[in-house]
Amino acid sequence: MSAAAAEPGTVVAQARDLGRSFALHTPRTDRLLSGVAPRRIQAVEDVSFTISRGRTLGLVGESGCGKSTLGRLMVGLETPTAGSAWVGGLDVHATLAGPAGAARALRQRMQMIFQDPYASLDPRWRVGDIVAEPLLEQGVVAPAQAPERVAALLASVGLEGVDVRKFPHQFSGGQRQRISIARALATSPAFLVCDEPTSALDVSVQAQVLNLLLDVQRERALACLFISHNLVVVRYVADDVAVMYLGRLVELAPKAELFGAPRHPYTRMLLAAVPDLRGPQPGRAPVLGEVPVPLVPPPGCAFHPRCPHANERCRSERPELLAEGAVQVACHAVQEGRI
Amino acid sequence: MSAPLLEVRDLCVDFPTRHGTLRALDGVSFDIAAGEILGVVGESGAGKSLTGAAIIGLLEPPGRICGGQILFDGRRIDDLPREAMRLLRGKQIGAIFQDPLTSLNPLVPIGDQLVETLRTHLPLSAAQARERALELLRQTGLPAPEARLSQYPHEFSGGMRQRVVIALALAGEPRLIVADEPTTALDVATQAQIIRLLREVTQARGASVMLITHDMGIVAETCDRVAVMYAGRIVEIGPVRELIERPAHPYTAGLMAAVPSLSDAGARLAQIPGALPRLGDIPSGCAFHPRCPKASPRCVAERPELALVRRTRAACWWPIVAGPAA
């Protein structure tokens, strides 16, 4: 694997001004009769970040902020409408659209784990076949060697040899997510996208799966994009955290900075809203408003209608994501020193 | 503490299936005092929603109550005829479910839904009911309620819908509200708003709440007491701070340790080995024994009953007696 040869600190995955918009369906009669222009919804806009070997970038935000679309863009499941995604020095979409050999080599190096372990495993396949498929499809091992590799992979996620003969329905949610992890690791990827991998699991099982993900990520020095709506979960697995609001990153910072000294008012609001078991119980800070419909994002800073620090500039001019030491934040109030 | 508003005594619920009868709830007993918020926590399949459904008389067939009693204000309600139960539900006991969309009729403007509910339970004229509906929506913090009355559920966001559902649940001036995962479908910021609202409106009315959730954080900041369920039984019940900081049952302790928190620096989460047993093969004795670090032969053979361990009651032969304050 070329990733294994790479130095620590090598950039494995990168987003460059990445954007994706979707056309909204407008009924044809409306278009013909009233000349309604087809509308577009901007799911992801102007997102840039890098993930180095052995590092995990946590991506948090509320439902509909575009975090899953961003994850899918990074592994080529969506095509960008602006910018580009890079994995292992290759432009993901150009490579996947190019010669089959190069596309296949790239696919081996990036994998994804999905939220719903009930939907992401084929119910009619045996577990052994599910895990062997990427091995054989990508030509990683000869068919004769596959069973041995499958057994090793299953063992590495805490499943047993006899499990290869079982079907997904014979496993609990947590065990199914282990199968998903084994399948994702089969081709020894360098880059792993986890999209809410524990959101469908109960707390005690969530802890098992998070610990397992941490272990495999460290052992294999994977570059990982970990998407979650749950800040507390992200705090356990991530090295850096990106906060997304209506398709744009509003803050990107090392974990200690983000949780210790959150800059953006939205990040502060999210943190204040987390119910905490062991902390003091003053009641959570009242949070104002809800995420607006992305179809008509507010002008200026998209967060201004909910922001206690918004002024005239915030309502008219969009703040850029600017670096301040290791922290990047997109907020006029922070940049002007008002908060 | 005054006489309990709700008493559940030794409640059992069965599900007859082709492969035999499954005992989904097995001897569940607890009280809720007037004005009290009781949290019911546990993992999926532990029986928390089923307990709530049995109380409001909405058990899905073929599930049925096969033992025990439910008393509301000293009166048995588990054997009420369907019509009497329907009137009690809504008037005396309000219900809030996880998905606000399934609680609202998609074809009826929310104002009409509120008016209908109000007039079913209270002797109000149409105009009075409309006035009352507006007031309820205002109390739940819905912006511009006059304009909202004529809108349909699909025109509302998830958080706003849940506010409407809370207004509906409050319409009959209930004395008990059974809220089953009321914030699970919502984002964390909206969740905080809804929990705060639920606490405020019930406090203002002196109503009791049974809050069913899998989120320990929400329980910690909302409830007075909490019951922890495992495999169809309550394994521990007690005051919320006590139960979180000094759990007596090893399952409670494991569950609390597994919850990620913003305020501890641990790099690794504590985990409970294994998974919740299926209803078809609940282990003998204490159902938690295969996953329990303290299991002994007695735990395999004999089922423990709830017994007072410091200030909580736990069903465990070897409760954690001297726990550190977490």
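For the structure given in this document, a descriptive report is provided here. Just so it is clear, the model here is predicted, and its values are computed rather than measured.

## A word on the overall build of chain A
Right, so step 1: When helices and strands are tallied, chain A shows 14 helices and twelve strands.
Right, so step 2: Relative to the compact-globule value of 20 Å for 339 residues, chain A shows a C-alpha radius of gyration of 21 Å, a close match.
Right, so step 3: C-alpha extents for chain A along the principal axes are approximately 70 × 60 × 40 Å.
Right, so step 4: The 339 residues of chain A split such that 47% are buried.

## With respect to the interface of chain A and chain B
Right, so step 1: On the chain B side, the residues contacting the 33 residues of chain A number 36 residues.
Right, so step 2: Broken down by secondary-structure element, the contributors of at least two residues to the side of chain A that touches chain B are α9 (203-219), α10 (231-237) and α12 (265-273) of chain A.
Right, so step 3: In terms of residues, the side of chain A that touches chain B owes the most to one element, α9(A), which gives seven residues.

## Observations regarding the sheet that holds strand β1 (residues 4-17) of chain B
Sheet strands line up and pair through hydrogen bonds in the backbone, either parallel or antiparallel.
All names here are of chain B.
Right, so step 1: Spatially, the four strands line up as an open sheet ordered β2-β1-β4-β5, and their pairing is antiparallel. Edge positions in the open sheet fall to β2 (20-33) and β5 (75-76), since each of these has one partner strand only.
Right, so step 2: Its contacts with the sheet put helix α1 (residues 48-55) on β1, β2 and β4 (64-72), and the angle it makes with β2 is roughly 70°.

## Digging into helix α8 (residues 188-205) of chain B
Right, so step 1: Taking 1.5 Å as the rise per residue, α8(B) with 18 residues should run 26 Å; its terminal C-alpha atoms sit 26 Å apart, in good agreement.
Right, so step 2: Taken together, the buried positions of α8(B) are occupied by V188(B), A189(B), T190(B), Q191(B), A192(B), Q193(B), I194(B), I195(B), L198(B), V201(B) and T202(B).
Right, so step 3: Of the surrounding elements, those touching the buried residues of α8(B) are α12 of chain A together with α5 (126-139), α7 (158-170), β7 (176-180), β8 (208-212) and α9 (216-222) of chain B.

## Comments concerning the sheet that holds strand β2 (residues 40-52) of chain A
Residues and elements named next belong to chain A.
Right, so step 1: Strand order in the open sheet formed by four strands is β2-β1-β4-β5, with antiparallel pairing between adjacent strands. The sheet is open, and its two borders are formed by β2 and β5 (90-91), each paired with just one other strand.
Right, so step 2: Two strands pair when backbone bridges link them, and strand β1 (residues 11-23) and strand β4 (residues 82-87) are joined in this way by five bridges, in the antiparallel orientation. Among the inter-strand pairings, R16 is bridged to a residue of β4, identified as S84.

## Side note on the packing of α9(A) against helix α11 (residues 250-258) of chain B
Right, so step 1: Relative orientation of the contacting elements α9(A) and α11(B) amounts to 50°, with a least axis distance of 8 Å. The orientation of α9(A) relative to α11(B) falls into the category oblique. Crossing handedness for the pair α9(A) and α11(B): left-handed. Between α9(A) and α11(B), the residues in contact are V203(A), S204(A) and A207(A) and G254(B), L255(B) and A258(B), respectively.
Right, so step 2: A class-by-class count of the residues in the contact of α9(A) with α11(B) yields four nonpolar, two polar and no charged.

## Quick notes on the pairing of β1(A)
Right, so step 1: Here nine bridges tie β1(A) to β2(A), and the two strands are oriented antiparallel to one another. Bridging from a neighbouring strand, A23(A) pairs with R40(A) of β2(A).

## Description of the nonpolar core
Right, so step 1: V131(A), L225(A), F226(A), M210(B) and V228(B) are the most contacted members of the largest nonpolar core, which totals 197 residues.
Right, so step 2: Here this core gets eight residues from one element, more than from any other, and that element is α7(B).

## A closer look at α11(B)
Right, so step 1: Buried residues dominate α11(B), accounting for nine of its nine residues.
Right, so step 2: For α11(B), the full list of buried residues reads P250(B), Y251(B), T252(B), A253(B), G254(B), L255(B), M256(B), A257(B) and A258(B).
Right, so step 3: As for α11(B), its buried residues are in contact with α9 of chain A together with α9, β9 (225-230), β10 (233-239) and α10 (240-245) of chain B.

## Focus on the pairing of β4(B)
Residues and elements named next belong to chain B.
Right, so step 1: As defined by bridge partners, β1 adjoins β4 across seven bridges and the pair is classed as antiparallel. Bridge pairing in β4 links R9 to Q69.
Right, so step 2: With two bridges joining them, β4 and β5 adopt antiparallel strand pairing. Paired with L71 across the strands is R76, a residue of β5.
Right, so step 3: Hairpin connection between β4 and β5: a loop of two residues separates the two successive antiparallel strands, and D73 in this loop has a positive phi of roughly 55°.

## Observations concerning unusual backbone geometry
Right, so step 1: Look at the link from P61(B) to P62(B): it is a cis peptide, with omega at 5°.
Right, so step 2: By the element assignment, P62(B) lies in the loop between α1 and β4.
Right, so step 3: Non-glycine residue D46(A) carries a positive phi angle of around 55°.
Right, so step 4: Checked against the element boundaries, D46(A) lands in strand β2.
Right, so step 5: D46(A) sits in the partly exposed class, given 19 other C-beta atoms within 10 Å.
Right, so step 6: The backbone of A221(A) sits at a positive phi, close to 50°, despite the residue not being glycine.
Right, so step 7: Within the fold, A221(A) resides in the loop between α9 and β8 (223-228).

## Let's talk about the packing of helix α6 (residues 127-137) of chain A against helix α7 (residues 146-156) of chain A
Residue and element names in this part refer to chain A.
Right, so step 1: At their nearest, the axes of α6 and α7 sit 9 Å apart, and the two run at 115° to each other. As α6 packs across α7, the resulting crossing turns out to be right-handed. Together, G128, V131, A132, L135 and L136 of α6 and A146, R149, V150, L153 and L154 of α7 make up the contact between the two elements.
Right, so step 2: Here the residues of the contact of α6 with α7 are counted per class, giving eight nonpolar, one polar and one charged.

Reading guide: rules and limits
In this convention, every chain numbers its residues from 1, walking through the sequence in written order. Think of it this way: whatever chain is written first is A, whatever ligand is written first is 1, and the rest follow in order. At least 70 in pLDDT is required for a residue's local features to be given in this predicted model, at least 80 for side-chain atom pairs to be given and counted, and no such filter applies to totals for whole chains, interfaces and linings, which use all residues. Strands are runs of DSSP state E lasting at least 2 residues, helices are runs of H or I lasting at least 4, and numbering of each runs from the N terminus. With C-alpha atoms as the basis for the radius of gyration, the globule rule is written as 2.2 Å multiplied by the number of residues raised to the power 0.38. With C-beta atoms placed from the backbone, the exposure class of a residue follows from how many other C-beta atoms lie within 10 Å of its own: 20 or more, buried; 12 or fewer, exposed; in between, partly exposed. A pair of residues counts as a contact when their C-beta atoms, built from backbone coordinates, are separated by no more than 7 Å. At least two bridges found by DSSP between two strands is the condition for calling them paired. In this description, a line fitted to the C-alpha atoms serves as the axis of each element, helices being fitted only across the stretch in contact, and the angle between N-to-C directions of two axes falls anywhere from 0 to 180 degrees. A helix is expected to span 1.5 Å for every residue after the first. An angle counts as roughly parallel when it lies under 35 degrees, as roughly antiparallel when it exceeds 145, as roughly perpendicular when it falls between 65 and 115, and as oblique in every other case. Should the near helix be turned counterclockwise from the far one by less than a right angle, the crossing is left-handed, whereas a clockwise turn marks it as right-handed. By the convention adopted, Pro, Cys, Tyr, Trp, Phe, Met, Ile, Leu, Val and Ala count as nonpolar, Lys, Arg, Asp and Glu as charged, and the other residues, Gly among them, as polar. Note on terminology: a nonpolar core is a set of buried residues of type Ala, Val, Leu, Ile, Met, Phe, Trp, Tyr or Cys, with members joined through C-beta atoms within 7 Å.

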